[in-house]
Amino acid sequence: MSADYAHIGGQGPGASFEGAFSFAPAAPASATAPANYVFTPVSLGERPGMFTPAARAYFATRVNAGAFNNPAPIDTQFIDNTTWGTHAEANLVTGIGTFTLVPAYRAGTVNNRFSGPAFRAGWSVENGHQASVEARLDGKRLGPIEWLIGGIYFDETISANAAFNQYTVENIQNLSVSNKSWAGFGRLTFHLSDAFRLTGGLRYTKDDKSLTANTIAVVNQCTRPIVPPNFAPCAGGPSLPSALSLADLQQAIPASDLPAGFPAAPFTAAPYGTFGNVILYVPAAYNSNFNKGEATFRLAAEADLFENSLGYASYETGYRSGGFNLTFGKETYAPETIQAFTVGLKNRLLDNRVLLNIEGFYWRYRNQQLAHLGLDARGASSFFTENIGRSTIWGIDVDGALKVGSGTVLTGAVQYLNTKTDNFIYTEPDSGNSGIPPATTCPSVDSGAFFTVNCSGKPLLNSPKLSINAGLEQTFELGSGHKLIFNLNGRYRSNRIIGFDNLPQQNSGDTFEADASLQLAQIDDRWAVTAWIRNLTDERIPTLSQYNSISGGVLNTVYQPPRTYGVKGSFKF
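Each value, and the rule that gives it
- Residues numbered from 1 in each chain as written.
- Predicted model: local features only at pLDDT ≥ 70, side-chain atom pairs only at ≥ 80, totals over all residues.
- Heavy atoms only, no water.
- Helix = DSSP H or I, 4+ residues; strand = E, 2+ residues; numbered from the N terminus.
- Buried < 20%, exposed > 50% of the residue type's maximum accessible area, 1.4 Å probe, protein only.
- Contact = heavy atoms within 4.5 Å.
- Areas by Shrake-Rupley, 256 points an atom, 1.4 Å probe, with all protein chains shown as cover.
- Lys, Arg positive; Asp, Glu negative; His and termini not counted.
- Charge placed at Lys NZ, Arg CZ, Asp CG, Glu CD.
- Pairing = 2+ DSSP bridges.
- Axes fitted to C-alpha atoms, helices over the stretch in contact; angles between N-to-C directions.
- Disulfide = S-S within 2.5 Å.
- Polar contact = N/O pair within 3.5 Å; in protein donor to acceptor, adjacent residues only side chain to side chain.
- Salt bridge = Lys/Arg side-chain N within 4 Å of Asp/Glu carboxyl O.
- Core = buried A, V, L, I, M, F, W, Y, C linked by side-chain atoms within 4.5 Å.
- pLDDT = per-residue confidence, 0-100.
- Phe/Tyr/Trp six-rings, centres within 6.5 Å; stacked < 30°, edge-to-face > 60°.
- Lys NZ or Arg CZ within 6 Å of the ring centre and 35° of its normal.

**Student:** Help me understand the overall build of the protein in this model?
**Tutor:** Helices and strands together make up the secondary structure of the protein, namely 2 helices and 31 strands. Judged by the C-alpha coordinates and their principal axes, the protein covers about 85 × 50 × 50 Å. Taking all 573 residues of the protein together, the buried fraction comes to 42%. Sequence-distant contacts in the protein: of pairs separated by 6 or more residues, those separated by 24 or more amount to 63%. For the protein, the exposed surface amounts to about 28600 Å²; the carbon and sulfur share of it is 59%. Positive and negative side-chain charges of the protein, numbering 41 and 45 respectively, have mean locations separated by a distance of 1 Å.

Have a look at this one:
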C-alpha cells in the first residue's frame, strides 16, 4: 500500500516574444515568413519573459482584432495545485492461479492562472476525484498454455470554474465532467517449444463521458471603421478585465468605462470606454455525451535465439478515447486509433557485462488527436483538441549498456525517427470574408467563410529525426555500508517542429543538454541523499512556439528551464 501528496506552487512556465507577422499582400515567401506576410523580429534579451518593462512596452504597441485597440498589460501568472492519492495491491494465491486486486483513489484541487499573447489570463479553479479498481487472475499454466484474464473500472468527476480572457472576449465557464470507463482483457501464451512462444491478447474498452457546462462570452467590439493606415481606430479603448463570474467582471470594470451601465440583458450592446468600443455578453449551454466502445488486440511471437538473446515481433492495435471542447464549432473530437508493428532483438553478452537492444517500429495513426492554440468557428482564439487525420511513424531504436571494470557503467541510445502527416487538413475562419490567408507555410484555399489549410506531408510536432543519449554512472564504495554514485547524462536531438503553424521560426534547431547528479546512499539503498543539476551548461532550448493572429500577429516561444539544481532525499521503510 502507498500514499502520495504533492503541492505545486510558483508562477509556472512562461513565454518570450520573438517578433510579429504582418500581412503584406503579394509578398513572396521568404526564409522568415510565408507568402503574403513579413516577419519583424524583436530582441528583448535572453529568456526575457513577458513581464519585463521592455516586453510590456512592446506588447502594448500591438493591435487586438475585433476591439481594434492596444492590449492592456498581461496578468501575472500563478500556480496553486494540490494532489494526493492512495494505491494498494493485494495478492491471493489459489488453486487456479494468483488473484490480484489493485484499488486506487486520487483527488486534487487546481487554482491556476496562465497568460500569454493570446490570453490576458486563463484562470481555472477545479476540483477532481478519481477512483479505479483492477482485478486480474494470472492462471496456473495448463500444459503449454499460460493465461490471464482481468478487468478495470475507472470513475472520474471534475467540476470547474474557469475564465479565458482574450482581450476582446472573456469566456466564463462553469462545467462538470464525468468519465466512467471499464475494460475487460485477456491474454494467452502458447509455448510451442522451450524456445518459441506465441502470444495473443484482447481488450474491450467502453467509455461513457458527459459534459454539462454554462458559459458566458463577454465581447469587446470596435464600432469605428478601419481607414488605412490607421488599423487601430479604437486605440485608447479599454481591454476586458479577468474575472471568474459575470458579477466579478462588472465590479472589475471602472464605472467611467460604462457610461450607460453594464448591458442589462444578453445580446444588448452598451458603450465601453470613450474610444468607440461597445460591450455585450452572450450566454450558452452545453450538454454533451460521448459513448464509445472499442476492441483492441495484440499478436506477438518470441524466440530465444541463443542463450542470452531474445528475438520478438508483434502487431497490435490501440485506442484513445474522444472527448469535448468548450470551443465554438469544435465541441467534440473523435477517438484516435493506432496500428503498431514492432520487431526487435534483446541481448546480454560477455557474461552480462554488455546489454544491447535493437528495435524497429512502424505505427499508423487514424484520427490522430492534436491539442493546439487556434481559432474557433467565430474567429476567436481558443485552445482545443481536434483530429488531424492520418499519420505514419517509423524508426529504429538502438540502446545498450557496458559495465567497465568495478562500479563503472556506460549507457547509450540512438533513435532514428521518420514521421509524416498523411492527411492533415483543417479549417480556419475568414473573418468578414477579408481574403487574408492564415500565416502558415501549408497551402490554403479560400472558400468564402473559411480557409481550408492542407498540411499533409509535414512531419509531426516534436519529432526529431535523430536522438542520441549517452551516460556515465560511477559507483564508489566508501566502506561502513555506504556508497557514492556519480551520474552524467547528455542528450542530443536534431531539429524538430515545435509550432502548429509550421512557420520558419517554429523549428527548434539541433539541441544538446546535459544533467549530472551525485548521490550518497546506504549500500542496501534504504536511504539516499542526491544533489542534482539539470541543463548543466544552461542551454536555451525552445520547446513550444505559438503564433497569435488575434493579438497583433505576435510569435512567442516557451523554453526549457535554465540551469536548475537541488537536493532530494529518500527513505524506504
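**Student:** What is the right way to read the sheet that holds strand β22 (residues 425–429) from this model?
**Tutor:** In sheet architecture, strand pairing relies on hydrogen bonds along the backbone and comes in two forms, parallel and antiparallel. Pairing in this open sheet of 3 strands is antiparallel, and the strands run β22-β24-β23 from one edge to the other. Only two strands of the sheet have a single partner each, and these edge strands are β22 and β23 (444–446). When strand polarity is set aside, the average angle formed by the axes of neighbouring strands in this sheet is 25°.

**Student:** Please clarify how the state of the cysteines should be interpreted in this entry.
**Tutor:** Such a bond, covalent and formed between the sulfur atoms of two cysteines, is termed a disulfide. Evaluation of the coordinates by the stated rule reveals 2 disulfides. Two residues, Cys 222 and Cys 234, share a disulfide whose sulfurs are 2.0 Å apart. On the S-S bond that ties Cys 222 to Cys 234, the torsion sits near 80°, and the link is right-handed. You can see Cys 222 sitting in strand β10 (residues 196–222) and its partner Cys 234 sitting in the loop between β10 and α2 (246–252), a full 12 residues away along the chain. The residues Cys 222 and Cys 234 share a single accessibility class, namely buried. Cys 442 shares a disulfide with Cys 455; S-S distance 2.0 Å. Its torsion about the S-S bond being 110°, the disulfide of Cys 442 and Cys 455 is classed as right-handed.

**Student:** Explain the environment of Asp 207 here, please?
**Tutor:** For Asp 207, the position within the fold is in strand β10. Judged by relative accessible area, Asp 207 falls into the buried class, the value being 5%. As a C-alpha pair, Asp 207 and Glu 294 span 87 residues in sequence and 8.8 Å in three-dimensional space. A polar side-chain atom of Asp 207 sits 2.8 Å from a polar atom in the side chain of Ser 181.

**Student:** It is not clear to me how unusual backbone geometry should be interpreted in this structure. Could you clarify?
**Tutor:** Where the residue is not glycine, phi is negative for most of them; where a peptide bond is considered, it is trans in most cases. In the Ramachandran plot, Tyr 167 falls in the positive-phi region, its phi being about 70° despite a non-glycine side chain. Tracing the backbone shows Tyr 167 in the loop between β8 (145–165) and β9 (169–193). Phi is positive for Phe 267, close to 65°, though the residue is something other than glycine. Within the element layout of this structure, Phe 267 appears in the loop between α2 and β11 (270–272).

**Student:** Got a minute to help me understand the pattern of salt bridges in this structure?
**Tutor:** Close approach of charged atoms lets side chains of opposite charge pair. All told, the structure shown has 15 salt bridges when counted by the stated rule. Notably, a salt bridge pairs Asp 525 with Lys 483, separated by 3.0 Å at the nearest N-O pair. Here Asp 525 is found in the loop between β27 (511–522) and β28 (527–534), whereas its partner Lys 483 is found in strand β26 (residues 482–493), with 42 residues between them in sequence. Among the charged side chains, a salt-bridge network with shared partners connects Arg 491, Arg 493, Glu 513 and Asp 515.

**Student:** For this particular structure, what's the right way to read the nonpolar core?
**Tutor:** Within soluble globular proteins, side chains that are nonpolar generally end up buried alongside one another. Counting 14 residues, the largest nonpolar core has Ile 393, Phe 424, Tyr 426 and Cys 455 as the members making the most contacts within it. In this structure Tyr 426 touches Glu 386, Thr 440, Phe 451, Thr 452, Val 453, Cys 455 and Phe 500, once residues within four positions along its chain are discounted.

**Student:** Is there a simple way to think about the pairing of β9 in this case?
**Tutor:** Look at any regular strand and the pattern is simple: side chains alternate between the two faces of the sheet. As paired strands, β8 and β9 are joined by 21 bridges and run antiparallel to one another. Pairing of Thr 157 across the sheet is with Ser 178, part of β9. Here β8 folds back onto β9 in antiparallel fashion, the turn holding 3 residues, of which Tyr 167 has a positive phi close to 70°. Note that β9 and β10 share 24 bridges and pair antiparallel. Along β10, the bridge assignment pairs Asn 179 with Lys 209. Counted along the chain from β9 to the antiparallel partner β10, the turn is 2 residues long.

**Student:** How should I be thinking about the confidence of the model for the protein in this particular structure?
**Tutor:** The predicted coordinates ought not to be read in detail in places where the model reports low pLDDT. When pLDDT is averaged across the protein, the result is 92; 98% of the residues are at 70 or more. Looking over the protein, one finds the lowest element-wise mean pLDDT in strand β18 (residues 369–375), namely 73, and the highest in strand β5 (residues 90–93), namely 97.

**Student:** Quick question: what am I supposed to make of the sheet that holds strand β29 (residues 542–548) here?
**Tutor:** An order of β3-β2-β30-β29 is seen for the 4 strands of this open sheet, with the pairing classed as antiparallel. Edge positions in the sheet fall to β3 (37–41) and β29, since each has one partner strand and no second. Direction aside, neighbouring strands of the sheet carry axes that sit 25° apart on average. Where β29 and strand β30 (residues 554–559) come together, 6 bridges link them in antiparallel fashion. Bridge pairing in β30 links Ser 545 to Thr 557.

**Student:** Help me understand the environment of Pro 438, please; the structure alone is not making it clear to me.
**Tutor:** Tracing the backbone through its elements, the reader meets Pro 438 in the loop between β22 and β23. By relative accessible area, Pro 438 is classed as buried at 15%. Placed 13 residues apart in sequence, Pro 438 and Phe 451 show a C-alpha to C-alpha distance of 7.7 Å.

**Student:** What is the right way to look at the packing of aromatic side chains in this model?
**Tutor:** The relation between two aromatic rings is expressed through the spacing of the ring centres and the mutual angle of the planes. A full pass over the atoms with the stated rule returns 21 aromatic pairs. Between Phe 424 and Phe 500, the ring centres sit 5.8 Å apart and the planes meet at 65°, which makes this aromatic pair edge-to-face. Separated by 76 residues along the polypeptide, Phe 424 in the loop between β21 (408–423) and β22 and Phe 500 in the loop between β26 and β27 bring together distant segments of the chain. This pair shows no difference in class: Phe 424 is buried, exactly as Phe 500 is. Through pairs of rings, three or more aromatic residues link up here, namely Phe 17, Tyr 58, Phe 59 and Tyr 167. One cation-aromatic arrangement involves Arg 113 over Trp 123; the distance from NZ or CZ to the ring centre is 5.2 Å. Positioned over the ring face of Trp 532 is Arg 534, at 4.0 Å from the centre of the ring.

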